[in-house]
Amino acid sequence: VRIATLANAAAVHTRRWVEHFRERGHDVRLWSLERGPAALDVRVLPAAPLPGALRYPLAVPALRRALREFAPDVVDAHYVPNYGLMGALCGVRPLVVSAWGSDLLLAAPRGPLERARARFVMERADRVLADSANLAAAARRFGAPADCVIELPWGVDLRRFRPAASRVPGRIVSTRMHEALYDLPTVIRGVAPVLAARPEVHLVIAGDGRLRSEVERLAA
């Protein structure tokens, strides 16, 4: 299958996604405004020194010409406001758009222009991939037909992988960044009653971020 992937080449999720399909024998070409690892063979699109709301749409003519030459079987666009929008503007079908969370849950509700942009993309996608039920619901709210939304939660398939018993029973680990988006205070407040009732349980908060001092004060 000839797959045209539109995504941020610097993101680790893009590398994993592209490598997954290439390892299975598909012809995957990646277009991006961001540069990525040389191994990804990124086709870098022109990026004007402008805000993202203008920078990505202005790269569409170059992308459209490239897609016309490649003639993909499917266009695979990641993150709704930028590469999803570019895929929709190119008009090449079928178009699969992967929503990654903040694009529909945070960015899209901010104002009328953001809502209109999300709806424009969702109404033109032949398939929308979402990794959670609330993200799939958001895609439908913004105009994606219900039968076009596919919910694919990330995680471990316990039918294929069953880990051994925990080496440290009662340990809960959070690896999210200390940023408002990940709401670590709610994790701490939610686990606190468990820790008070069961002293053998421990919550480990890894990572770092701008809210680290706030998280540390709350944990203390």
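Refer to the structure above for everything that follows.
No experiment lies behind these values; they were computed from the predicted model shown. (Residues numbered from 1 in each chain as written. Predicted model: local features only at pLDDT ≥ 70, side-chain atom pairs only at ≥ 80, totals over all residues. Heavy atoms only, no water.)

Caption draft 1: A look at the state of the cysteines. Going through the model one piece at a time under the given rule, you end up with zero disulfides. With no disulfide of its own, cysteine 90 lies 19 Å from the sulfur of cysteine 148, the closest cysteine sulfur. By relative accessible area, cysteine 148 is classed as buried at 13%. (Disulfide = S-S within 2.5 Å. Buried < 20%, exposed > 50% of the residue type's maximum accessible area, 1.4 Å probe, protein only.)

Caption draft 2: How the structure looks around the pairing of strand β9 (residues 202-205). Here four bridges tie strand β8 (residues 171-174) to β9, and the two strands are oriented parallel to one another. In the sheet register, isoleucine 172 faces β9, and the bridge partner there is leucine 203. After leaving β8, the chain enters helix α8 (residues 184-197) and then returns to the sheet as β9, a path that is right-handed. (Pairing = 2+ DSSP bridges. Helix = DSSP H or I, 4+ residues; strand = E, 2+ residues; numbered from the N terminus. Right-handed = clockwise from strand over helix to strand, strands pointing away.)

Caption draft 3: Focus on the sheet that holds strand β1 (residues 2-6). Taken in spatial order, the seven strands of this open sheet run β3-β2-β1-β4-β5-β6-β7, and their pairing is parallel. Two strands lie at the open edges of the sheet, namely β3 (42-44) and β7 (149-151), each paired on one side alone. Strand-to-strand, the axes of this sheet are offset by a mean angle of 25 degrees, without reference to chain direction. In this sheet, strand β6 (residues 127-130) lies alongside strand β5 (residues 95-98) in parallel orientation, the contact comprising three bridges. Residue pairing across strands places valine 96 opposite arginine 127, the latter belonging to β6. Those strands touched by helix α1 (residues 12-23) are β1, β2 (27-32), β4 (74-78), β5 and β6, and its axis lies near 160 degrees from that of β2. (Axes fitted to C-alpha atoms, helices over the stretch in contact; angles between N-to-C directions. Contact = heavy atoms within 4.5 Å.)

Caption draft 4: Quick look at unusual backbone geometry. Following arginine 93, the chain continues into proline 94 via a peptide bond in cis, with omega recorded as 0 degrees. Mapped onto the secondary structure, proline 94 falls in the loop between α4 (79-90) and β5. For alanine 71, which is not a glycine, the phi torsion comes out positive at approximately 55 degrees. Of the residues examined, alanine 71 reaches a relative accessible area of 46% and is grouped as partly exposed. One non-glycine residue, tyrosine 79, adopts positive backbone phi at about 80 degrees. Along the chain, the position of tyrosine 79 falls in helix α4.

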